[in-house]
Amino acid sequence: MSSRISPKEVAHVAMLARLSLTDEEAELYASQLSSVLDHASDIESLDIHDLEVTAHPLGLVNRTRSDSVVSGLSQAEALSQAPDEAQGMFSVPPVLGEPS
Amino acid sequence: MANAETDLKDLGVRGESDFLPDGWELVCGLEVHTELKTKTKLFCGCANVFGAQANTNVCPTCLGLPGSLPVLNERALEIAAMIGLALSAKVQASIFHRKNYFYPDMPKDFQISQYDIPLNADGYLILPSGKRIGIERAHVEEDTGKITHLGGASGRIHGAERALIDYNRSGVPLVEIVSRPDIASPEEAREYVSELRSTLVAIGASDGKMEEGSLRVDANVSVRPIGETPFRTRCEIKNLNSLRSLVRAITFEAHRQVAAYLAGEKVTQQTRHWDESAGRTVALRNKEEAEDYRYFPEPDLVPLRPSEEWIEGLRSQLGELPKERRARLVESLGLTDTNDQIETAISVELYPFARSALAAGLDPKITVARCANELASLAPLDESFEISWFVELLRMETNGEVSATQAKSILAEVAKNLISPKAAQERLGFSQLTDDQLTKTINEAILQNPKEWERFRTGEAQLQGFFVGKIMKATSGKADGKAVVRILLATAEQR
Ligand SMILES: [Zn+2]
């Protein structure tokens, strides 16, 4: 079995996806993912330069809706599944750092 | 601007291109996010409004609830493409991607954005100074919710006890405009954002309010020795809430980096936060770890393939862009360069007035002056203030039906009571005095000031002002100065 992806890379991806893996699982997934990547590389080796890129399997394009307001949820409905709320807002533990 | 310059004095800089120590130059690119002026959000029918009560413009889609699906807002797409056209970009076939990250401002745990194939690519913006700033891309994406940190020391991020989230902004349509690293000074960055903002406002894409967050700017800043070709490590600066912050932050950051290199240190690629009160940037996180967004194509949205016909239809809706407005006024006034009056007169609110007055063949100098001074001071104008009223008033002034001073008072009256200039003229008692009435008043002034009259009659031209002043006083300013002079001169000839 080739190893296109190392257990260390698997652990990194798992961290990004907030999955906790044991070392054994990381080993196992590294090998399984490598075979997936092997398959992708087989496909990559085909000459497809005259084919159009498939951006979406449906074949539809330009599906839009008109810009008109539709009423949504009330504040109470929106917050009904919040773990905690304050001042009409979802209340969660603080997250360090800032997002993008 | 004046303030920013004063504050930067201790750094010995004025925001100009030679602001860095000898031999160093700035390399800066800007990412500008603009919220689009649509009625609804990008992928759902929730209202896109600022300042509503928290979590009242939300639905399963923008809350990221299971089973909800995004459907693209037609108008948002149109506006996004118009931004591309206004920036001379190529509007092209594109797709949406998911940008994955875990942060509570995005309840789906991903943001729908565009990645390798943006809607608009490869444009440019020409600044009033003539400098051309390349635009790499302008893509469509959804805004995030807004987080307020509660508790902890001074409500800052560190030490906060709770994070409160309002998802009203979640899913609001955004276009991110990414410039090429063509910006060479803090002043140029200010000029770029200012011109970009005017352009976005002119085409109706955005309200351009930096203070409300509808226009947000991040700056990518690096420095290099002049003559060096490759780029050095850059830092991304966030939290630039005003043009003043933008100029100050870029200036500070460029100096910080030069100082680091001069001290033999390295600059680390990272995201930095501008602290307005401290006047400095502080490190938030190192870039490499944070930016692993695992983009992949959004399976719930189909590709966009804009037709030529659709694009041309949007192009015809663009109207005159700020650079075209500026060029028109500069040319009408017979100038070679813009000035403060022109810059004011091309604003989104005032320009339709200037444009209509010029189209009616009125004097460009009076038109631009009345727009930039009197009309601007009356802004914001009521929606029912008719452009034709302004044109009519300028015509009255040009024809000498009213004096310049009267015209200004009439304009204020028109704006206040939303009545026509004729009606305002009547209300103010500015009905024009006839030549007979003026002659009578002039004769009275001559009788009362015989010595001055004799001097004027025998050639002391400077006494003209004396008599005009007397007539104006006697008529409570209702007389037309030009008519007074005409009659004064005629009377002097006769006697
Ligand atoms: Zn919604």
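Analysis parameters
For every chain, the first residue of the written sequence is number 1, and numbering continues from 1 along that sequence. Just so you know, chain letters begin at A and ligand numbers begin at 1, following the order they were written in. Only residues with pLDDT of at least 70 are given local features in this predicted model, and only at 80 or more are side-chain atom pairs given and counted; all residues enter the totals for whole chains, interfaces and linings. The side-chain values count all of the structure's non-hydrogen atoms but skip hydrogen atoms and water molecules. Per the convention used, a helix needs a DSSP run of H or I reaching at least four residues, while a strand needs a run of E reaching at least two, with both numbered from the N terminus. Restricting the calculation to C-alpha atoms gives the radius of gyration, and the globule rule supplies 2.2 Å times the number of residues raised to the power 0.38. Accessible area is worked out with a 1.4 Å probe on protein chains only. A residue is then buried under 20% of its type maximum, exposed over 50%, and partly exposed in between. Two residues qualify as a contact provided that any one of their heavy atoms is within 4.5 Å of a heavy atom in the partner residue. Only the protein chains shown count as cover for residues, and all accessible areas are computed by the Shrake-Rupley method using a 1.4 Å probe. Note that His is not counted, nor are the chain ends; the positive residues are Lys and Arg, and the negative ones are Asp and Glu. For charged residues, the charge sits on one atom: NZ in Lys, CZ in Arg, CG in Asp, CD in Glu. For two strands to be treated as a pair, DSSP must find at least two bridges joining them. Donor atoms: N, O and S within 2.8 Å of the metal, or within 3.2 Å for Na, K and Ca. Because water is excluded, sites can look incomplete. Think of it this way: with four donors and all angles in the 85 to 135 degree range, the site is tetrahedral; with four or six donors, opposite ones beyond 155 degrees and the rest between 65 and 115, it is square planar or octahedral; otherwise it is irregular. Residues are said to line a cavity or pocket when one of their atoms sits within 4 Å of a point; the points come from a 1 Å grid over protein atoms alone, cavities being sets where a 1.4 Å probe fits but cannot get out and pockets being open sets with protein on both sides within 12 Å along at least five of seven lines. Grid points are joined across faces, edges and corners, and a volume is the space filled by probe spheres set on the points. For this classification, the nonpolar set comprises Ala, Val, Leu, Ile, Met, Phe, Trp, Tyr, Cys and Pro, the charged set comprises Asp, Glu, Lys and Arg, and every other residue, Gly included, is treated as polar. Segment limits for the domains were obtained from an automatic or database-derived domain assignment. When two parts are brought into contact, each loses some accessible area as probed by a 1.4 Å sphere; the total of that loss over both is the buried area. The rule for a salt bridge is simple: a side-chain nitrogen of Lys or Arg has to be within 4 Å of a carboxyl oxygen of Asp or Glu. Polar contacts, as used here, are pairs of N or O atoms within 3.5 Å; protein pairs need one atom able to donate a hydrogen and one able to accept it. Residues neighboring in sequence count only if both atoms are side-chain atoms. Paired rings are identified among Phe, Tyr and Trp, the last through its six-membered ring, by centres lying within 6.5 Å, and are further divided according to the angle between planes into stacked (under 30 degrees), edge-to-face (over 60) and tilted (the rest). By definition, being over a ring means that NZ of Lys or CZ of Arg is both within 6 Å of the ring centre and within 35 degrees of the ring normal. Note on definitions: angles span 0 to 180 degrees between N-to-C directions of axes, and those axes are lines fitted to C-alpha atoms, for helices only across the stretch in contact. Just so you know how the angles are binned, under 35 degrees is roughly parallel, over 145 roughly antiparallel, 65 to 115 roughly perpendicular, and the rest oblique. A crossing counts as left-handed when the near helix is turned anticlockwise from the far one by less than a right angle, and as right-handed when that turn is clockwise.

*Asks:* Explain the overall build of chain A to me, and be specific about the residues and the numbers.
*Replies:* Counting its secondary structure elements, chain A contains 3 helices and 3 strands. Traced from its N-terminal end to its C-terminal end, chain A shows the element sequence α-α-β-α-β-β. The C-alpha radius of gyration computed for chain A amounts to 23 Å, which surpasses the reference 13 Å derived for 100 residues by more than 25%, pointing to a less compact arrangement than a globule. With respect to the principal axes defined by its C-alpha atoms, chain A has extents near 55 × 45 × 25 Å. The proportion of buried residues among the 100 residues of chain A is 21%. The long-range share in chain A, meaning contacts at least 24 apart out of those at least 6 apart in sequence, stands at 40%. Of the roughly 7400 Å² that chain A leaves accessible, carbon and sulfur atoms contribute 57%. Charge-centre separation for chain A: the mean point of 5 positive side chains lies 5 Å from the mean point of 16 negative side chains.

*Asks:* Can you break down the pairing of strand E10 (residues 173-179) of chain B residue by residue, with the values?
*Replies:* Residue and element names in this part refer to chain B. Where burial is concerned, most of E10 is hidden: 7 out of the 7 residues are buried. Taking every second residue as pointing to the same face, both faces of E10 are buried, with Pro-173, Val-175, Ile-177 and Ser-179 on one and Leu-174, Glu-176 and Val-178 on the other. Summarising the sheet, strand E1 (residues 24-35) and E10 pair through 5 bridges and their orientation is antiparallel. Bridge pairing in E10 places Thr-34 opposite Val-175. Sheet analysis places strand E7 (residues 132-142) next to E10, joined by 7 bridges and oriented antiparallel. In the sheet register, Ala-138 faces E10, and the bridge partner there is Ile-177.

*Asks:* An account of the coordination of the zinc ion is needed here, citing residue identities and associated values.
*Replies:* Residue and element names in this part refer to chain B. Around the zinc ion, the protein supplies Cys-44 (SG), Cys-46 (SG), Cys-59 (SG) and Cys-62 (SG) as donor atoms, at distances of 2.3 to 2.4 Å. Metal-centred angles of 100 to 114 degrees between the 4 donor atoms at the zinc ion mark the site as tetrahedral. One chain supplies every donor to the zinc ion, and in sequence these donors are spaced C-x1-C-x12-C-x2-C. In this pair, the class of Cys-44 matches that of Cys-46, namely buried.

*Asks:* Give a description of the sheet that holds strand E9 (residues 162-166) of chain B that names residues and reports values.
*Replies:* Read from one edge of the open sheet, 4 strands run E2(A)-E3(A)-E9(B)-E8(B), paired in antiparallel fashion. The open sheet has two edge strands with one neighbour each: strand E2 (85-86) of chain A together with strand E8 (146-150) of chain B.

*Asks:* An account of empty space enclosed by the protein is needed here, citing residue identities and associated values.
*Replies:* Residue and element names in this part refer to chain B. Within this structure, the stated rule accounts for 1 cavity of 30 Å³ or more. Approximately 60 Å³ is the volume attributed to the largest cavity. As for the largest cavity, its lining consists of Ala-86, Tyr-124, Leu-125, Ile-126, Glu-195, Thr-199, Leu-321, Pro-322 and Lys-323. Of all the elements in the fold, those that place two or more residues in the lining of the largest cavity are strand E6 (120-126), helix H3 (186-202) and helix H7 (322-332). Grouping the amino acids of the lining of the largest cavity by side-chain chemistry returns 6 nonpolar, 1 polar and 2 charged.

*Asks:* Run through the domain arrangement of chain B, naming residues and quoting values.
*Replies:* Taken domain by domain, chain B holds domain 1 (2-297), domain 2 (322-427) and domain 3 (435-494). For domain 1 of chain B and domain 3 of chain B, the distance between their C-alpha centres works out to 64 Å.

*Asks:* Describe the interface of chain B and chain A, naming the residues involved and giving the relevant values.
*Replies:* Taken together, the contact between chain B and chain A spans 59 residues of the former and 41 residues of the latter. Regarding the contact of chain B and chain A, the summed buried area is about 4200 Å², with carbon and sulfur atoms giving 59% of it. Connecting chain B to chain A are 1 salt bridge. Arg-162 of chain B is paired through a salt bridge with Asp-84 of chain A; the nearest N and O atoms lie 3.3 Å apart. Our count for the chain B to chain A interface comes out at 22 residue pairs in polar contact (both at pLDDT 80 or more).

*Asks:* Got a sec to walk through the packing of aromatic side chains? Specific residues and values, please.
*Replies:* In the structure shown here, the tally under the stated rule is 14 aromatic pairs over all chains. Ring geometry for Phe-90 of chain A against Tyr-167 of chain B: centres 5.0 Å apart, planes inclined by 70 degrees, an arrangement best described as edge-to-face. One end of the pair, Phe-90 of chain A, is in strand E3 (residues 89-92); the other, Tyr-167 of chain B, is in the loop between E9 and E10, on a second chain. As far as burial versus exposure is concerned, Phe-90 of chain A and Tyr-167 of chain B are alike and both buried. Here a set of aromatic residues connected by ring pairs shows up, and it is made of Tyr-101, Tyr-115, Tyr-293 and Tyr-295 of chain B. Residue placement shows Lys-99 of chain B over the ring face of Tyr-293 of chain B; its charged tip is 4.4 Å from the ring centre. Taking the ring centre of Tyr-261 of chain B as reference, the NZ or CZ of Arg-232 of chain B above it sits at 4.5 Å.

*Asks:* With reference to specific residues and values, describe the packing of helix H11 (residues 387-398) of chain B against helix H12 (residues 404-417) of chain B.
*Replies:* Residues and elements named next belong to chain B. Close contact between H11 and H12 brings their axes to 10 Å; oriented N to C, the two are set at 165 degrees. Taken as axis vectors, H11 and H12 run roughly antiparallel relative to one another. Here the hand of the crossing between H11 and H12 comes out right-handed. Judged by residue contacts, Trp-389, Phe-390, Leu-393 and Glu-397 of H11 engage Ala-404, Ala-407, Ile-410, Leu-411 and Val-414 from H12. For the contact of H11 with H12, a count of residues per class yields 8 nonpolar, no polar and 1 charged.

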